[in-house]
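What follows is each chain in one-letter form.
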Amino acid sequence: NAGVTQTPKFQVLKTGQSMTLQCAQDMNHEYMSWYRQDPGMGLRLIHYSVGAGITDQGEVPNGYNVSRSTTEDFPLRLLSAAPSQTSVYFCASSYSRPLDGELFFGEGSRLTVL
Amino acid sequence: AQSVTQLDSHVSVSEGTPVLLRCNYSSSYSPSLFWYVQHPNKGLQLLLKYTSAATLVKGINGFEAEFKKSETSFHLTKPSAHMSDAAEYFCVVSDLRNNNAGNMLTFGGGTRLMVKP
């Protein structure tokens, strides 16, 4: 019973490098999202998807791209890493838009940009 | 626009004593409210939710929260703290009428609960 799986758990990048954070869920959830967590700021939504082929921007989308080619996978791409993107990233999913339902979170990916 | 304020960034209690984590919200309409818990190096887990039914909501691990519309509060309580309750807790508000339907959740800044033996 894997739930939401994120890889890698830790990553160190140099400024300007690119990388992809992977997220996969095995619960057949339509809604998937990426958040970043910074101290004292709670979680902020980066991008989300309400189904395969559909993505939209959240609160802090700049510097990130996403795609949703399958129901299961929702990768987050950093195009040109900056120190301001040092953060902990969480992928979360739910059966539908998370108004009343429960969001299921991965264990997080800790990214450091030097 | 909706917002959430967690009034304490850190709370320290002794094992066996009551826990109170405070949350105030602002919402233009009738919100749904949630508490999530995050144990060290783990993802967030839903603790409890209020969705316009009973104002006193019971969650997992003995936690409960009371929705008070007049005070715009949704404080989290537990009668007796356990060492395993040490974690970070997030209050979250969801507004049905948020125009951006996919971005309906607003997270508070978090409260770190420490439990002393």
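All figures in this text were calculated on a predicted structure; none of them were measured in a lab.

> Even after reading the chapter, I still don't get the layout of surface pockets, so can you show me in this structure?
By rolling a water-sized probe across the atoms, one finds the places where empty space is left. Here the largest pocket is characterised by a volume of approximately 640 Å³. In terms of lining residues, the largest pocket is bounded by 29 residues, among which Gln37 and Arg110 of chain A together with Gln38, Glu88 and Arg112 of chain B are the most central. If you list the elements that add at least two residues to the lining of the largest pocket, you get strand S9 (87-94) and strand S11 (109-113) of chain A together with strand S10 (87-95) of chain B. Of all the elements, S9 of chain A adds the most residues to the lining of the largest pocket, at three residues. Residues of the lining of the largest pocket, tallied by class, amount to seven nonpolar, 15 polar and seven charged. Roughly 220 Å³ of volume is contained in the second largest pocket.

> Looking at this model, I keep getting lost on the sheet that holds strand S1 (residues 4-7) of chain A. Mind explaining?
Either a parallel or an antiparallel arrangement is found when strands of a sheet pair, and the pairing is made through backbone hydrogen bonds. Residues and elements named next belong to chain A. If you trace the four strands from one edge of the open sheet to the other, you get S1-S3-S8-S7, paired in antiparallel fashion. On the outer flanks of this sheet lie S1 and strand S7 (64-66), each paired with one strand and no other. Each adjacent strand pair in this sheet contributes to an overall mean axis angle of 20°, direction not counted. With three bridges joining them, strand S3 (residues 19-25) and strand S8 (residues 76-78) adopt antiparallel strand pairing. Its bridge partner being in S8, Leu21 is matched across the sheet by Leu76.

Definitions and cut-offs
Residues numbered from 1 in each chain as written. Chains lettered and ligands numbered in written order. Predicted model: local features only at pLDDT ≥ 70, side-chain atom pairs only at ≥ 80, totals over all residues. Heavy atoms only, no water. 1 Å grid on protein atoms, 1.4 Å probe; cavity = no way out; pocket = protein on both sides within 12 Å on 5 of 7 lines; lining within 4 Å. Points joined across faces, edges and corners; volume = space filled by probe spheres on them. Helix = DSSP H or I, 4+ residues; strand = E, 2+ residues; numbered from the N terminus. Nonpolar A, V, L, I, M, F, W, Y, C, P; charged D, E, K, R; others polar. Pairing = 2+ DSSP bridges. Axes fitted to C-alpha atoms, helices over the stretch in contact; angles between N-to-C directions.

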